[in-house]
Every structure is written in C-alpha cells, then in structure tokens.
Amino acid sequence: MGEFVVRGGRRLAGAVRINGAKNAALPIMAASLLSKRPVIVRDVPEIRDVSVMVEVLRALGVKVEREGSTVVIDAALIKECRVPDALMQEMRASVFVMGPLLARLGRTEIVHPGGCAIGDRPIDLHLKGFEALGAEVRDELQGTVVLANRLVGAEIHLAFPSVGATENLIMAAALAEGETRIRNAAMEPEVVDLAQFLSRMGVTVRGAGTPEIRVVGCPELGAADHTVIPDRIETATFALAVASAGGAVRLLNCVPDHLPGLWQQLRDLGVEVKCEGDQVAITAAHAYAPHSVTVNTGPYPGFATDIQAQFMAFLLKVPGIHLVSERVFENRLGHVTEFRRLGAHIIADQRLAVVYGGQHLYGASVSAKDLRAGAALVVAGLQIEGSTRIAHREIIERGYHDLDGRLRSLGADIISA
Ligand code: EPZ
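Residues numbered from 1 in each chain as written. Predicted model: local features only at pLDDT ≥ 70, side-chain atom pairs only at ≥ 80, totals over all residues. Heavy atoms only, no water.

## Some remarks on the nonpolar core
Counting 80 residues, the largest nonpolar core has Leu-34 and Leu-198 as the members making the most contacts within it. Looking at which element gives the most residues to this core, the answer is helix α1 (residues 22-31), with seven residues. Every residue in contact with Leu-198, bar those within four places of it in the chain, is listed here: Ala-31, Leu-34, Ile-170, Met-171, Val-203 and Val-205. Membership of the second largest hydrophobic core comes to 71 residues, among which are Ile-18, Ile-233, Leu-240 and Phe-311. (Core = buried A, V, L, I, M, F, W, Y, C linked by side-chain atoms within 4.5 Å. Buried < 20%, exposed > 50% of the residue type's maximum accessible area, 1.4 Å probe, protein only. Helix = DSSP H or I, 4+ residues; strand = E, 2+ residues; numbered from the N terminus. Contact = heavy atoms within 4.5 Å.)

Here it is as structure tokens:
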C-alpha cells in the first residue's frame, strides 16, 4: 500500500498535457470484441484500469498488443464468454464486455459485480436492455448468465440515463438484426466517442450525445483506427489543482466544451479561465473573496459526479457556506471524513454536504476511499502548508497516469512513498 506525500502552499506554473479518457478507452476496448478485424486504439491512458481491461480481453482469448498509449486488438478468435471473477471484482468496468460477447457469441457470464465505495452499482438497466433485444437473463449460483440465439433490434427506454447501460446496449445492438432505439440515453462525451469508434467499424449510430440513440445492426464489422478523446475528468482535476494551489497553468489536449458549467463556476469564484482551442489557461489567486456556492451533480451536461470531490476540495479554500448535493451515486461523499481530518468543517449525510469554506487547514494522514476522492485529497493537500500523507495511492493510480510526476513538473512538492 503506497502513499502520496504532498507539501502544499506552492503556486503551480507551466503546462501539462491531458491524457486520453479512461471512461472512453474502456468501453472502446470492449467494443473491439464486435469485429473479427484488428483495431487500433490510440492515446489510451497508461493506467491500471486499462491494464485490467487488457487482461480481461486476453483471458477471453483475444490478441492484444500494447505499445505506450497505442493498443492493437485482434478479436478474430474469442475462446471464452466469461469474465474471470477476479478481474470482474477488481474492475467493474469489465461489465462492458457483456454486450459485445452477447452479440458476438450469443452468451456472456459474469460473477455478480457487487458494489463499490460509491454505491451498489447495479446492472439491472443493462440486463433489461439485453432482454428487450431478445436475450434471456439467468441468475445462477456462479453469477449472471445472458443468452441469445439472435439479437433483434428493439425500442429500449432507460429508467435512468446510465452511461454503462447506454454503452453496453449500443454495443449489443451493433450486431442485432434491424434498428434499435435507445431512449433516455446517457449523453456523456464518452458515449459519443464510443459511437464514433463503432461508426468507424461500420455500424450506423445516430443521435449519440442526445437522449435518443438509434443503432442499425451490421452483421460483419470491419477494422478501425481511433484516437480516444481527451479525459475531461483529468482536465477538471488539474484545473482544480491550480485553483486550489494558486498559480498559472496551461492545460494541453483538452476539449473545453466537455465541461459545461465548470469554467463559469470557476470564473464566478475568481479563477481566471481562458479556453483557447484545445487548450485551457488557468490563473488562480492565492486567496478568494467570500462566496457561497451550490453544486448539484447530475447526468451530462449537468455537473459531473466524477469531479464533485475535487471541486469540494477547491471549495475548502473559498470563504463561505457551500452546498454540495450528490445526485448520481448514493454514497459518494466518502471524502468528507478525510477532509475533516485536514481541519475542514463539513456537515454531511450520504448525499448532501454543507461545506464551511475558508477554514484553516493543516496537514494530516488521510486515505483514498475511491479514485476521485483520492484525487480530491491531492487537490486539497496542494493548498495546505504542512505535509499531507494520502494512503492507498494505488487507488488513485487506477485512473491517473503519473499524477505526482506531472504535478511536480508544475512545481508541486509531491512524492510517491
Ligand atoms: C460510468 O459509470 C463511469 N465509469 C463513472 O466513472 C461515472 O461516475 C458514471 O458513469 C456516471 O457518469 C466508466 O465509464 C468506466 P451509471 P457507470 O451507470 O456506467 C445507477 C470514475 O470515477 N444504475 O451512469 O457505472 C447507478 O447505481 C467512474 O471514473 C442503476 O441503477 O455509471 C448510479 O446510481 C466512477 N442500474 C447511476 O445509475 C444500472 O443498471 C449512474 O450509474 C446502471 C446504473
């Protein structure tokens, strides 16, 4: 169990390149199972979750070669239809192979994925969608088995615009006979990137990025060469690191439009934000005028749940009373207890936090409860003069490549211990 040690109080300066999006790369790598032709996926982040997806694909009998951020996947032969239990339990995103395996082999099996730190993470919407396409779902001792002799296009209405369910169902529909219409679909940029990749393989996907997506199945898919979109969550994490530490940093390889609302909120609080093509220049004061802020997370284009913790870390520095409402996951305020160890004054239940910003914070030993909560502790540590020790560094490294090295290149005092 490693840790990050952050000694804050230093302003950041320089430029940092944003990597490809973890949450686009993972479904796209799974979607490669739909084609018997090799695919090339570029700017895939070099993080633990991608390595696990590579292991999952190889365990299914798929050839995967990885060189730096480029991954070549050849799924001509698939020998297995069950995700190895250990890999499923290590990374929930392994659930993304269900749709492609069902479409390709007519069968997929996974151990019950179980919950995680931020919530129960059920997959009922995925399974209901598979049934609408003609599959049979069996709950067996060894896990969930989904079977289908053939998949036929259908109309599916999602009770919640689930990102994973939308992506899994687009992939299953890619080989189904006829057209599938998914209503109340997730509109996240990562869904759009997956649709772009599938279009390159020969699938007709219309409406990605809107609440209604139509997929026309295609019996045989071709090869593809695709570059993953920049990671908007990493973009926001670095922007909030600068807002928290103070300084002037240029973020390279961004899509500013993928973070609707964040930039104006930062500007309202006194952070200078300049969006210039694929770059965002952030200039932050060392102190902020009193302000009170309300944040409600929600499906895209609402405030992204994946930056809620990091934004709260920044709000610790803004004098005022802030209301943070987590409306996507039922238990995604685990970072509050850790912020309190740093001297933060926060009242919270599982979904709602009242944050008294501007309190004096001090360095302490804290623990990463989940990926984004861990990143938020780094963001908070950057504003604290003392030394903050963040345990379970490996949880943060699941989703961020070389976070400490890249922050050091901007002048932060952070080491891996
Ligand atoms: C994706 O998870 C992301 N993960 C998450 O990012 C992100 O927080 C989430 O979307 C929301 O944007 C990947 O893309 C790998 P959901 P996913 O299905 O697909 C409920 C990170 O930090 N739900 O949109 O699992 C669910 O319980 C990770 O990078 C059902 O009830 O999210 C949750 O409350 C964390 N039944 C809500 O929907 C279902 O069948 C949103 O979940 C599916 C979901």
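## Looking at the site of the ligand
By nearness alone, 22 residues border the ligand, and Asp-124, Leu-125, Ser-162, Asp-306 and Val-328 come closest of all. Between the ligand and the protein, one listed contact pairs a nitrogen atom with a side-chain N or O atom of Asp-124 at 2.7 Å. Residue Val-163 places a main-chain N or O atom 2.8 Å away from an oxygen atom belonging to the ligand. Relative to its unbound accessible area of 820 Å², the ligand is 86% covered by the protein chains. Put simply, the parts of the chain that give the shell around the ligand at least two residues each are α1, α5 (124-132), α6 (163-173) and α12 (371-381). Take the shell around the ligand: its biggest share by element is three residues, from α5. Both domains that meet at the shell around the ligand, namely domain 1 (3-19 + 230-416) and domain 2 (22-227), each give it at least three residues. (Near = heavy atom within 4 Å. Polar contact = N/O pair within 3.5 Å; in protein donor to acceptor, adjacent residues only side chain to side chain. Areas by Shrake-Rupley, 256 points an atom, 1.4 Å probe, with all protein chains shown as cover. Domains from an automatic or database assignment.)

## Things to note about the packing of aromatic side chains
For the coordinates displayed, the defined rule picks out three aromatic pairs. Their ring planes at 75° and their centres at 5.3 Å tell us that Phe-303 and Phe-311 sit as a pair that is edge-to-face. Overall, the relative accessible area of 10% leaves Phe-303 in the buried class. Here Phe-311 and Phe-314 contribute two aromatic rings whose centre-to-centre distance is 5.8 Å and whose plane-to-plane angle is 70°, an arrangement assigned as edge-to-face. Remark: Phe-314 and Phe-311 occur in helix α10 (residues 308-315); sequence separation between them is three residues, near one turn of the helix. Its relative accessible area of 0% is what places Phe-314 among the buried residues. Taken together, Tyr-288, Phe-303, Phe-311 and Phe-314 form an aromatic cluster joined through their ring pairs. (Phe/Tyr/Trp six-rings, centres within 6.5 Å; stacked < 30°, edge-to-face > 60°.)

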